[in-house]
Amino acid sequence: MGLLRGVARTAVVAGTATAVSNRVSRRQAGRWAAQDDQAAGQQQYAQPPQQYAAAPAPAAAVPMADDMSSKIDQLKELGALKEQGILTEAEFAEQKSKILGA
């Protein structure tokens with residue numbers, strides 16, 4: 001009878017261990033699946049939104065006088081910035097050449 005009792009006890013322990021192991025495996029698989037779902041959801045929101053190029057502005061016919069007065073206004077603004085010390089002489093000259101060359 002001692003041998004039978006030992007075999008039965010081993011069977012009970014092995015069965016219990018198998019059941020516990022399977023339960024732990026299922027629980028862990030469920031946790032991993034939830035983490036994967038959560039990570040996929042966060043990754044979806046982490047992607048930057050698509051940016052579209054702005055439509056080019058239609059070319060408008062600007063009379064010559066308006067163009068010249070606009071350049072003069074820009075030069076006056078540059079002169080004021082230079083007098084305030086915001087622009088250096090080199091920066092002023094560079095911006096002035098851009099305005100006059102355009």
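Chains are numbered independently. Their residues run from 1 in the order of the written sequence. pLDDT decides what is reported in this predicted model: residues at 70 or higher carry local features, side-chain atom pairs at 80 or more are listed and counted, and totals for whole chains, interfaces and linings draw on all residues regardless. Calculation of side-chain values draws on the structure's entire complement of heavy atoms; hydrogens and water are dropped beforehand.

Chemist: I would appreciate a short explanation of the pattern of salt bridges in the present structure.
Modeler: Side chains bearing opposite charge may pair, as long as their charged atoms lie close to each other. The term salt bridge refers to a side-chain nitrogen of Lys or Arg lying within 4 Å of a carboxyl oxygen of Asp or Glu. Applying the stated criterion to the full structure yields 2 salt bridges. We note a salt bridge from Lys82 to Glu89, for which the minimum N-O separation is 3.0 Å. Residue Lys82 is classed as partly exposed on the basis of its relative accessible area of 32%. Of the charged contacts in the structure, one is a salt bridge between Glu94 and Lys98, with a shortest N-O distance of 3.7 Å. Of this pair, Glu94 and Lys98 both sit in helix α3 (residues 89-101), 4 residues apart, roughly one helical turn. Under the scheme applied here, a residue whose accessible area is under 20% of the maximum for its type counts as buried, over 50% as exposed, and between as partly exposed, the area being computed with a 1.4 Å probe on protein chains only. Here Glu94 falls in the partly exposed class, since its relative accessible area comes to 42%. Runs of E in the DSSP output that reach at least two residues are strands. Runs of H or I that reach at least four are helices, and both are numbered from the N terminus.

Chemist: Would you take a moment to explain the packing of aromatic side chains for this structure?
Modeler: We describe a pair of aromatic rings using the distance from one ring centre to the other and the angle between the two ring planes. A pair of aromatic rings is counted whenever rings of Phe, Tyr or Trp (Trp by its six-membered ring) have centres within 6.5 Å, and the orientation is called stacked for planes under 30 degrees apart, edge-to-face for over 60 and tilted otherwise. According to the stated counting rule, one finds 0 aromatic pairs in the structure shown. Definition used: whenever NZ (Lys) or CZ (Arg) falls within 6 Å of the ring centre and also within 35 degrees of the ring normal, the charge is taken to sit over that ring. The ring of Phe92 carries the charged tip of Lys82 above its face, separated from the ring centre by 5.0 Å.

Chemist: Which parts of the structure should I look at to understand the environment of Ile86?
Modeler: Among the secondary structure elements, Ile86 is positioned in the loop between α2 (64-83) and α3. Every residue pair with non-hydrogen atoms within 4.5 Å of one another is taken to be in contact. If sequence neighbours within four positions are ignored, Ile86 has contacts with Leu81 and Glu91.

By themselves, these observations are geometric and do not establish any function.
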